[in-house]
Amino acid sequence: MDGEPQAPPKASVDLGPQCPHCGEPWLRPTNLPGRYRCVYCLHRFELTSVCPNCGEHSTIVRMSSTAILKCNACGDSMLQAV
Ligand SMILES: [Zn+2]
Ligand SMILES: [Zn+2]
């Protein structure tokens, strides 16, 4: 009985948001809301509610989409290094 198929160890399967520090797509949410950690370079980031680039407020919708990590107005990253 092996109801759970083993996922092949391919990096392309589980690509997530890109890390602003190293550029690798290994950003993963932590157990803290709005906090992310790059499992590649181990830097931690916090999702800000105000764009650090243009000052636009952003509504943080908790979805597993990369769109929430970017400013709606200027497209800059809403992640700040912690
Ligand atoms: Zn990184
Ligand atoms: Zn912005």
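An account of the accompanying structure is given in this report. (Residues numbered from 1 in each chain as written. Chains lettered and ligands numbered in written order. Predicted model: local features only at pLDDT ≥ 70, side-chain atom pairs only at ≥ 80, totals over all residues. Heavy atoms only, no water.)

1. Focus on the coordination of the zinc ion (ligand 2)
Reference geometry at the metal: tetrahedral coordination by four donors gives ideal angles of 109.5 degrees; octahedral coordination by six donors gives 90 or 180 degrees. Which entries qualify depends on this criterion: Coordination partners: N, O, S within 2.8 Å of the metal, 3.2 Å for Na, K and Ca; water not considered, so apparent gaps in a site are possible. Square planar and octahedral sites, with four and six donors, are those where opposite donors lie more than 155 degrees apart and all other angles lie between 65 and 115, tetrahedral sites have four donors with every angle between 85 and 135 degrees, and the rest are irregular. Per the convention used, a helix needs a DSSP run of H or I reaching at least four residues, while a strand needs a run of E reaching at least two, with both numbered from the N terminus. Categorising residues by exposure relies on relative accessible area from a 1.4 Å probe, with only protein chains included: less than 20% of the type maximum marks a residue as buried, more than 50% marks it as exposed, and the intermediate range marks it as partly exposed.
For the zinc ion (ligand 2), every protein donor is listed as Cys 51 (SG), Cys 54 (SG), Cys 71 (SG) and Cys 74 (SG), and the spread of their distances is 2.3 Å. Of note is the zinc ion (ligand 2), whose four donor atoms meet at the metal with angles of 105 to 116 degrees in an arrangement that counts as tetrahedral. Spacing between the donor residues of the zinc ion (ligand 2) along the chain follows C-x2-C-x16-C-x2-C. In this pair, Cys 51 sits in the loop between strand 3 (44-47) and strand 4 (79-81) while Cys 74 sits in the loop between strand 3 and strand 4, placing the two residues 23 residues apart along the sequence. For Cys 51, a relative accessible area of 3% translates into the label buried.

2. Focus: the coordination of the zinc ion (ligand 1)
Distances from the zinc ion (ligand 1) to its protein donors, Cys 19 (SG), Cys 22 (SG), Cys 38 (SG) and Cys 41 (SG), fall at 2.2 to 2.3 Å. Because the angles between the four donor atoms bound to the zinc ion (ligand 1) fall within 105 to 115 degrees, the donor set is best described as tetrahedral. The sequence pattern formed by the donor residues of the zinc ion (ligand 1) is C-x2-C-x15-C-x2-C. You can see Cys 22 sitting in the segment before strand 1 (27-29) and its partner Cys 41 sitting in the loop between strand 2 (35-38) and strand 3, a full 19 residues away along the chain. With relative accessibility at 27%, the residue Cys 22 sits in the partly exposed group.

3. Structural notes on the pattern of salt bridges
Convention followed: Salt bridges are defined by distance alone: a side-chain nitrogen of Lys or Arg within 4 Å of a carboxyl oxygen of Asp or Glu.
In this structure the tally under the stated criterion is one salt bridge. For Glu 46, the salt bridge goes to Arg 35, with nearest N and O atoms at 3.5 Å. One end of the pair, Glu 46, is in strand 3; the other, Arg 35, is in strand 2, with eleven residues separating them in the sequence. Here Glu 46 falls in the partly exposed class, since its relative accessible area comes to 35%. For Arg 35, a relative accessible area of 26% gives the class partly exposed.

4. Some thoughts on the nonpolar core
Inclusion rule: Joining through side-chain atoms within 4.5 Å is the link that ties buried Ala, Val, Leu, Ile, Met, Phe, Trp, Tyr and Cys residues into a set, and such a set is a nonpolar core. In this description, contact between two residues means that some pair of their heavy atoms is separated by no more than 4.5 Å.
In this structure, Cys 19, Leu 27, Tyr 36, Cys 38, Phe 45, Leu 47, Cys 51, Leu 69, Cys 71, Met 78 and Leu 79 together form the largest nonpolar core, which totals eleven residues. Counting residues per element, the ones that place at least two in this core are strand 2 and strand 3. In this structure, Cys 71 is in contact with Cys 51, Cys 54, Glu 56, Asp 76 and Met 78, ignoring residues within four places of it in sequence.

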